[in-house]
Amino acid sequence: MNRTPPVCQPTASKTETGSQPPEKVLLSCCIVQPMTRSVHSIVFTALLVAAAGAVALPVVAEAPQQRSIDAPQTGPGQAPQLDSEAPRGRWHPDNGTGEIILDDESYYEVFQGERDIDAWRNATGDDVSGTILEGEVGESEGDVLELGSAVPDSQDVGRYAGSDLTVRVQEPEIESVDLYNSIGTELDSMSELRRDEPLLVVADWNFVAAEDLRVELIDRDGDVTIQREVLSTSPTDEQADRLPDGFDEAALARETQGTGTTGYESAYWLFDVEELDEGSYTLRIGGVDDLTAGEAVETIDFTVGTEETGTPTDTETATATDTATATPPETSSSTPTATLPATTETPQGPGTASPSAPTTAPTPSPTTGDDGPGFGFGVTLVAVCIAVLYARHTRR
């Protein structure tokens, strides 16, 4: 059954003492009833807003912002500290030039024959070029070393000190040259290598920090270098196993190798011997700039012939020479001379090293804090109390 809203109508009643006139009663009836409905709506809406704000808003918290940590800066008037760069942080081994940094206790190494030294500095960054250091013990005792643009070839090896600076002079040296055939076996001489297989050459040297190494293959018959024509980038699987992890096989054909070029402290070259014509050759390895004499050079003489030539017995030849020679007088360093016979065997298939797949560090997800904007517990309590009072009022 539909109900129609009550209509305010005047009632005829007798005016009593202390009662309101009929006009005021009629006006009150017409106004109070709509106002009561509006108050109910406003109170109900306020309760909903209060409850939502108390419960939902505290959950939304501002994510903490990342703070950048700046590296300590050198203050005005302060000299830069170069301890972390000593001794070769300002040196370029790919061309053998730069600055050398010394301190008062470490006896950093320099090498006989080094040149193109732009400056010597102490750990606080001061230019100490021209300082005279005195030999302490051993061969260097009584000798002096001037910190100039070069270390003399004849400078005595040993330790030098003075003016809160220390240094050790060393003789540059090629420490080892190893040869590996197509199956990764180390060879005692070039005579053991078949002409139809690649040759892997691995070299180590003690002046890594000073200069990179350069390889030359010299055709002694025509007195020309031909390493670019025969350097290869396709090692066999066994030869690839001899390379360090992550080594770029394209670097096998780089004439110059070291920390300044490939980033490695050993040098790796791959030669395609089958590309060589018959004749006599010298494989020469030495420093890229000034360290190219004495023990800083290694040479291997060999001959490429036909099947009828055969393989002669290795003979001793000198190595430490600036220009390639056939058979100089015997010295402390010796290199084999060998003949590579021609063969018809099928060469080993090339292999490639599998580079390690890069890994990506997971990005941490931002978290929200426990505290944040919201009405809080107090407003929630007030809203509950209002709701209770309102419920009691409507029952009356």
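Residues numbered from 1 in each chain as written. Predicted model: local features only at pLDDT ≥ 70, side-chain atom pairs only at ≥ 80, totals over all residues. Heavy atoms only, no water.

Caption draft 1: Seen up close, the sheet that holds strand β11 (residues 198-205). The antiparallel open sheet is built from four strands, whose spatial order is β10-β9-β11-β15. The sheet terminates laterally at β10 (186-187) and β15 (267-272), the two strands that pair on one side only. As paired elements, β11 and β15 share six bridges and run antiparallel to each other. Considered in β15, the bridge of Val 201 is made with Trp 269. (Pairing = 2+ DSSP bridges. Helix = DSSP H or I, 4+ residues; strand = E, 2+ residues; numbered from the N terminus.)

Caption draft 2: Region of the structure containing the packing of aromatic side chains. With the rule as written, the count across this model stands at four aromatic pairs. Ring centres 5.2 Å apart and planes at 55 degrees place the aromatic pair Phe 247 and Tyr 264 in the tilted group. Separated by 17 residues along the polypeptide, Phe 247 in the loop between α3 (237-240) and β14 (256-257) and Tyr 264 in the loop between β14 and β15 bring together distant segments of the chain. Under the relative-accessibility criterion, Phe 247 is labelled buried at 6%. Under the relative-accessibility criterion, Tyr 264 is labelled partly exposed at 24%. For the pair Tyr 281 and Phe 302, a centre-to-centre distance of 5.7 Å together with 25 degrees between the ring planes defines the contact as stacked. Here Phe 302 lies in strand β17 (residues 297-304) and Tyr 281 lies in strand β16 (residues 279-287), a separation of 21 residues in the sequence. Among the residues examined, Tyr 281 registers a relative accessible area of 2% and is labelled buried. (Phe/Tyr/Trp six-rings, centres within 6.5 Å; stacked < 30°, edge-to-face > 60°. Buried < 20%, exposed > 50% of the residue type's maximum accessible area, 1.4 Å probe, protein only.)

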